[in-house]
Amino acid sequence: MAEATSRVSRQKRGMKRGVCIAAVVLLLVLVVETTLGATLSRKPPQQTFKETFIARCHQYNGRCFIPCRSDCETIWSTFEQAYVGRDPCKIPTDAYNPLFQVAPIETPPDKAMFWSKTKDVVDAYNDKRKCFVTMKDTLLGSVLDDLSWCGKEGSSETFTSDCPDWNYCEDNPVRSFWTQGSTKFAEAAAGDATVMLNGSIATPFDNSSFFAKTEVPNLKYPKVRKLTVVLVTKATPVSTCSNESLNELRQKLDSNIIYECKEVSETRINECASNNNISCTDCW
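Residue numbers restart at each chain and count upward from 1, following the sequence in its written direction. Residue-level local features of this predicted model are given only where pLDDT is at least 70; pairs of side-chain atoms are given and counted only at 80 or more, and the full residue set underlies all totals for whole chains, interfaces and linings. Water and hydrogen atoms play no part in the side-chain values, which are based on all heavy atoms of the structure.

The protein chain is annotated in an unreviewed UniProt entry as ADP-ribosyl cyclase/cyclic ADP-ribose hydrolase from Takifugu flavidus. UniProt positions are given in the numbering used here, feature names are shortened, and annotations may be inferred rather than shown by experiment. The record held by UniProt for the protein chain lists under Sequence similarities (unreviewed entry) the comment "Belongs to the ADP-ribosyl cyclase family."

Caption draft 1: Summary view of the state of the cysteines. Sulfur atoms of two cysteines make up a disulfide when they are within 2.5 Å. What the rule picks out here adds up to 6 disulfides. The side chain of Cys89 participates in a disulfide bridge whose partner is Cys169; the two sulfur atoms lie 2.1 Å from each other. Taking the sign of the torsion about the S-S bond as the criterion, the disulfide between Cys89 and Cys169, at about -85°, is left-handed. Of the two residues, Cys89 is situated in the loop between helix H3 (72-80) and helix H4 (97-102) and Cys169 in the loop between helix H6 (139-144) and helix H7 (173-188); the sequence distance between them amounts to 80 residues. Residue classification places Cys89 among the partly exposed positions, given a relative accessible area of 24%. Here Cys241 pairs with Cys261 through a disulfide, and the sulfurs are 2.1 Å apart. Between Cys241 and Cys261, the S-S dihedral sits near -80°, and the bridge is therefore left-handed. With Cys241 in the loop between strand E3 (224-233) and helix H9 (244-252) and Cys261 in strand E4 (residues 258-265), this residue pair connects regions lying 20 residues apart in the sequence. In this text, helices come from DSSP runs of H or I with a minimum length of four residues, and strands from runs of E with a minimum of two, each type numbered from the N-terminal end. For every residue, the accessible area obtained with a 1.4 Å probe (protein chains only) is divided by the maximum for its type, and the residue is called buried under 20%, exposed over 50%, and partly exposed between those limits.

Caption draft 2: Representation of the nonpolar core in the model. Joining through side-chain atoms within 4.5 Å is the link that ties buried Ala, Val, Leu, Ile, Met, Phe, Trp, Tyr and Cys residues into a set, and such a set is a nonpolar core. By size, the foremost hydrophobic cluster in this structure holds 53 residues, and its most contacted members are Phe79, Tyr96, Phe114, Leu144, Trp149 and Phe177. Element by element, the count of residues in this core is highest for H7, at 6 residues. The contact rule is simple, with two residues in contact once any of their heavy atoms fall within 4.5 Å. Beyond its immediate stretch of four places on either side in the chain, Phe79 contacts Phe49, Phe53, Tyr96, Leu99, Leu144 and Trp149. Membership of the second largest hydrophobic core comes to 16 residues, among which are Phe132, Met196, Cys272 and Ile278.

Caption draft 3: Highlighting the sheet that holds strand E1 (residues 113-116). Reading across the sheet, the 4 strands line up as E1-E2-E3-E4 and stay open at both edges, with parallel pairing between neighbours. Every other strand in the sheet has two partners, leaving E1 and E4 as the edge strands with one partner each. Mean inter-strand twist for the sheet, computed between neighbouring axes without regard to direction, equals 20°. For two strands to be treated as a pair, DSSP must find no fewer than two bridges joining them. Pairing of E3 with E4, which is carried by 8 bridges, proceeds in the parallel orientation. Bridge assignment links Val232 to a residue of E4, and that residue is Val264. Lines are fitted to the C-alpha atoms to define the axes, a helix being fitted only along its stretch in contact, and any angle between axes, read from their N-to-C directions, falls within 0 to 180 degrees.

Caption draft 4: Spotlight on the pairing of E3. Among the 10 residues that make up E3, 8 are buried, leaving the element largely enclosed by the rest of the structure. We call a crossover right-handed when, viewed with the strands running away from us, the connection from the first strand over the helix to the second turns clockwise. Handedness of the crossover joining strand E2 (residues 191-198) and E3 through helix H8 (residues 210-215): right-handed. Tracing the backbone out of E3, into H9 and back to the parallel element E4 gives a crossover that is right-handed.

Caption draft 5: The arrangement of the confidence of the model for the protein chain in detail. On a scale of 0 to 100, pLDDT captures the predictor's confidence in every residue. In this model, the protein chain carries a mean pLDDT of 86, and residues with pLDDT of at least 70 account for 81%. With pLDDT under 50 throughout, residues 22-26 is counted as low confidence; its partners more than four residues away or in other chains account for 0 contacts. pLDDT under 50 marks residues 28-41. Its contacts with residues more than four places away, or in other chains, come to 0 contacts.

If you want it as structure tokens, here you go:
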């Protein structure tokens, strides 16, 4: 009887130890799962606006069209002076003049490419072929492409949210930068310049566009000898080179600059973008 009682007691103690071990194992599993889950779900810290600016600036230094070695910290400090601590609706275009002095826009002769309502076509073509240089391909253009920023009165910070939209007020930091950048880019163009316009709309040359208001007036002879309009068309073109708005372009253009217009299908441009055997000069 005593032996049986002892055996039962040992069995109970064994069961208790088993329960304790199972509880410890379960607790360890929960701790590991929680730790692993937190580690996997943890996102890397998001870059600040300044970090993005500096990183893009350094990346650009390795792929300049013209040899360059830019001081990215100096460019950043000059850039933020244009808008930090100021009313975001009162940033005139000339606020960026010091910026364009420390990071001037330069383009190789015959390489300047302008566009209006053809951004996707131009970007797709230019990203692959590097035949031309757009404002986006310049140092400042590549650094600030698709970014939004502003300052606020009484603050020394750069903000990327709650900034004025493009059309909210004319003198906002982003719009003023691209307006001044477009001016400087046109002034830097030399030799033969090219513009891609949209032949799938009724008015390829829009008098309210950046190209019309900011860039055309700053294309000056003899620095610029010729402007070639590449009218990008779909299967059924809406406009041709005889379009009335293109006649307006000719009238606004410096009369000494040679004007030429070519109707080119978007299909042809895409072929050129994908085929390095087609020279840049043979695309249209």
